[in-house]
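Descriptive structure summary
In case you want the letters, here they are:
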Amino acid sequence: MSPALKATTGYDKQKSMEAFRTSERYVPIILIAIGKAAKPDHPTVRLAVDDVAFFNEMPKE
């Protein structure tokens with residue numbers, strides 16, 4: 001089974017900073033859980049990275 005990555009929203013940012021002993025100079029933006037899934041997740045539609053990310057230039061229309 002391949003590793004699973006899940007972005008988590010709705011978490012307590014202050015408690016996560018305390019739990020991970022994060023300096024006040026950092027601002028928590030997103031929490032990502034990394035691990036192995038116990039069972040397969042529901043299927044989703046994923047866009048190719050080239051369709052949503054650009055490097056050093058805007059896409060040509």
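Owing to the predicted nature of the structure, the values given are computational and were not obtained by experimental measurement.

A separate point is a nonpolar patch on the surface. Together, V27, I29, I30, I32 and I34 make up an exposed nonpolar region whose accessible area comes to about 570 Å². Here I30 is to be found in the loop between helix 1 (13-19) and strand 2 (31-36). A relative accessible area of 48% means that I30 is categorised as partly exposed.

Quick look at the packing of aromatic side chains now. One pass over the structure, following the stated rule, counts zero aromatic pairs. Of note, K13 hangs over the ring of Y11, and the distance from its end group to the ring centre comes to 4.9 Å.

Calculation rules
Residues numbered from 1 in each chain as written. Predicted model: local features only at pLDDT ≥ 70, side-chain atom pairs only at ≥ 80, totals over all residues. Heavy atoms only, no water. Patch = residues over 30% accessible without salt bridge, like charges linked within 9 Å, V, L, I, M, F, W, Y side chains within 5 Å. Areas by Shrake-Rupley, 256 points an atom, 1.4 Å probe, with all protein chains shown as cover. Salt bridge = Lys/Arg side-chain N within 4 Å of Asp/Glu carboxyl O. Helix = DSSP H or I, 4+ residues; strand = E, 2+ residues; numbered from the N terminus. Buried < 20%, exposed > 50% of the residue type's maximum accessible area, 1.4 Å probe, protein only. Phe/Tyr/Trp six-rings, centres within 6.5 Å; stacked < 30°, edge-to-face > 60°. Lys NZ or Arg CZ within 6 Å of the ring centre and 35° of its normal.

Any functional reading would require information beyond the geometric quantities listed.
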